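Chain by chain, the residues:
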Amino acid sequence: AQSVAQPEDQVNVAEGNPLTVKCTYSVSGNPYLFWYVQYPNRGLQFLLKYITGDNLVKGSYGFEAEFNKSQTSFHLKKPSALVSDSALYFCAVSDPNTNAGKSTFGDGTTLTVKP
Amino acid sequence: NAGVTQTPKFRVLKTGQSMTLLCAQDMNHEYMYWYRQDPGMGLRLIHYSVGEGTTAKGEVPDGYNVSRLKKQNFLLGLESAAPSQTSVYFCASSGRTGGSYEQYFGPGTRLTVT
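Residues numbered from 1 in each chain as written. Chains lettered and ligands numbered in written order. Predicted model: local features only at pLDDT ≥ 70, side-chain atom pairs only at ≥ 80, totals over all residues. Heavy atoms only, no water.

Caption draft 1: Quick peek at the overall build of chain A. Looking only at helices and strands, chain A has zero helices and 12 strands in total. Put simply, chain A runs from its N terminus to its C terminus through helices and strands in the order β-β-β-β-β-β-β-β-β-β-β-β. Computed over its C-alpha atoms, the radius of gyration of chain A comes to 14 Å, within 12% of the 13 Å expected for a compact globule of 115 residues. In terms of its C-alpha atoms, chain A occupies a principal-axis envelope of roughly 45 × 30 × 20 Å. When the 115 residues of chain A are sorted by exposure, 48% land in the buried category. Residue pairs at least 24 apart in sequence account for 58% of intrachain contacts in chain A once pairs closer than 6 positions are excluded. Here chain A displays about 5,400 Å² of accessible surface, and carbon together with sulfur accounts for 47% of that area. The positive charge centre, built from 9 side chains, and the negative charge centre, built from 9, are 3 Å apart in chain A. (Helix = DSSP H or I, 4+ residues; strand = E, 2+ residues; numbered from the N terminus. Rg over C-alpha atoms; globule rule 2.2 N^0.38 Å. Buried < 20%, exposed > 50% of the residue type's maximum accessible area, 1.4 Å probe, protein only. Contact = heavy atoms within 4.5 Å. Areas by Shrake-Rupley, 256 points an atom, 1.4 Å probe, with all protein chains shown as cover. Lys, Arg positive; Asp, Glu negative; His and termini not counted. Charge placed at Lys NZ, Arg CZ, Asp CG, Glu CD.)

Caption draft 2: Broad picture of the pairing of strand β3 (residues 19-25) of chain B. Residues and elements named next belong to chain B. Burial along β3 is one-sided: Met-19, Leu-21, Cys-23 and Gln-25 are buried, and none of Thr-20, Leu-22 and Ala-24, which face the opposite way, are. Of the strand pairs in this sheet, strand β1 (residues 4-7) and β3 are connected by four bridges, and their pairing is antiparallel. Bridged to Val-4 within β3 is Gln-25. Bridge count for β3 against strand β8 (residues 73-78) is six bridges, and the pairing is antiparallel. Of the residues in β8, the one forming a bridge with Leu-21 is Leu-76. (Pairing = 2+ DSSP bridges.)

Caption draft 3: Local environment of the nonpolar core. In terms of nonpolar packing, the biggest core is built from 28 residues, with Trp-35, Leu-47, Leu-48, Phe-74, Leu-76 and Tyr-89 of chain A touching the most fellow members. Within the residue set of this core, elements represented by two or more residues are β2 (10-14), β3 (19-21), β5 (32-38), β6 (44-50), β8 (64-68), β9 (73-78), β10 (87-95) and β12 (109-114) of chain A. If you tally residues by element for this core, the top one is β10 of chain A, at four residues. Once residues within four sequence positions are removed from consideration, Leu-48 of chain A is found in contact with Leu-33, Phe-34, Trp-35, Val-57, Lys-58, Gly-59, Phe-63, Glu-64, Ala-65, Phe-74 and Leu-76 of chain A. Counting 20 residues, the second largest nonpolar core, distinct from the first, contains Tyr-36 of chain A together with Tyr-33, Tyr-48 and Phe-105 of chain B. (Core = buried A, V, L, I, M, F, W, Y, C linked by side-chain atoms within 4.5 Å.)

Caption draft 4: Inspection of the state of the cysteines at higher detail. Scanning all chains against the criterion turns up two disulfides over all chains. One disulfide in the model links Cys-23 of chain A with Cys-91 of chain A; its S-S distance is 2.0 Å. As the torsion about the S-S bond is roughly -65 degrees, the Cys-23 of chain A-Cys-91 of chain A disulfide counts as left-handed. With Cys-23 of chain A in the loop between β3 and β4 (24-26) and Cys-91 of chain A in strand β10, this pair connects stretches of sequence that are 68 residues apart. Each member of the pair, Cys-23 of chain A together with Cys-91 of chain A, is buried. Across the disulfide from Cys-23 of chain B sits Cys-91 of chain B; the S-S distance is 1.8 Å. The chirality of the disulfide connecting Cys-23 of chain B with Cys-91 of chain B is left-handed, given an S-S dihedral of about -75 degrees. Taken as a pair, Cys-23 of chain B in strand β3 and Cys-91 of chain B in strand β9 (residues 87-94) lie far apart in primary sequence, 68 residues in all. (Disulfide = S-S within 2.5 Å.)

Caption draft 5: Geometry of the sheet that holds strand β7 (residues 65-67) of chain B. Residues and elements named next belong to chain B. Ordered by their spatial adjacency, four strands build an open sheet running β1-β3-β8-β7, and the pairing between neighbours is antiparallel. In the strand order of this sheet, the two ends are held by β1 and β7, each with one partner. Between one strand and the next, the sheet's axes are offset by a mean angle of 20 degrees, whatever the strand orientation. Where β7 meets β8, three bridges bridge the pair, whose relative direction is antiparallel. Among the inter-strand pairings, Val-66 is bridged to a residue of β8, identified as Leu-76. (Axes fitted to C-alpha atoms, helices over the stretch in contact; angles between N-to-C directions.)

Caption draft 6: Quick peek at the pattern of salt bridges. For the structure shown, the criterion picks out six salt bridges over all chains. One salt bridge connects Glu-102 of chain B with Lys-49 of chain A, and the closest N-O pair in it is separated by 3.2 Å. With Glu-102 of chain B in the loop between β9 and β10 (103-105) and Lys-49 of chain A in strand β6, this pair bridges two chains. Judged by its relative accessible area of 3%, Glu-102 of chain B falls in the buried class. Two residues, Asp-38 of chain B and Arg-36 of chain B, come together in a salt bridge whose shortest N-O distance is 2.9 Å. Through salt bridges with shared partners, one network takes in Arg-36, Asp-38 and Arg-44 of chain B. (Salt bridge = Lys/Arg side-chain N within 4 Å of Asp/Glu carboxyl O.)

Remember, this is a structural readout, not a statement about activity or role.
Right, here's the structure in full:
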């Protein structure tokens, strides 16, 4: 069975500071990993993904994420946070060996960036 | 290219009433999904479909039925609504893009059952 954990319900950072939103996962084989963002009263939007290859993946709006196989983590990062980055962030995992199209989502982390 | 659309955006039902939520996608995606989102519980998968004419149960299927008669449409039905089904419902679709299946979400339907 696949699972994903987002250990922090809330992350607060000051504008201009770097941000990290944490995610750890569990799958039987090599994972597909995703990050999504949800703004208030909107659906989720795809940010970035890791499938294979370079452990550092870059996505939309200046976000990046680092895949760490030994720590089974896929943390979302941004070098300099913006107030407009404030939103709810979801990490998701799928197992291509069983059902690549079926992702399991974390419970979400609320990011608040203060001016 | 509208992406994923959902109808209606808002609905209020009385206990025991029925309704159907419509999801449409114009990206020719194979997979489609219905989720519900409740405060503090993240996203929970209700049903999903891997192609036209197929459906499968997700994490919380009880009280819901689905149909995928056309590739671009995925319907979610509530036969007898209960207050526990008050939630925000999201539809999503995905296709094999670069070997992966990232999902594209609709704007959501806010359902209240009184």
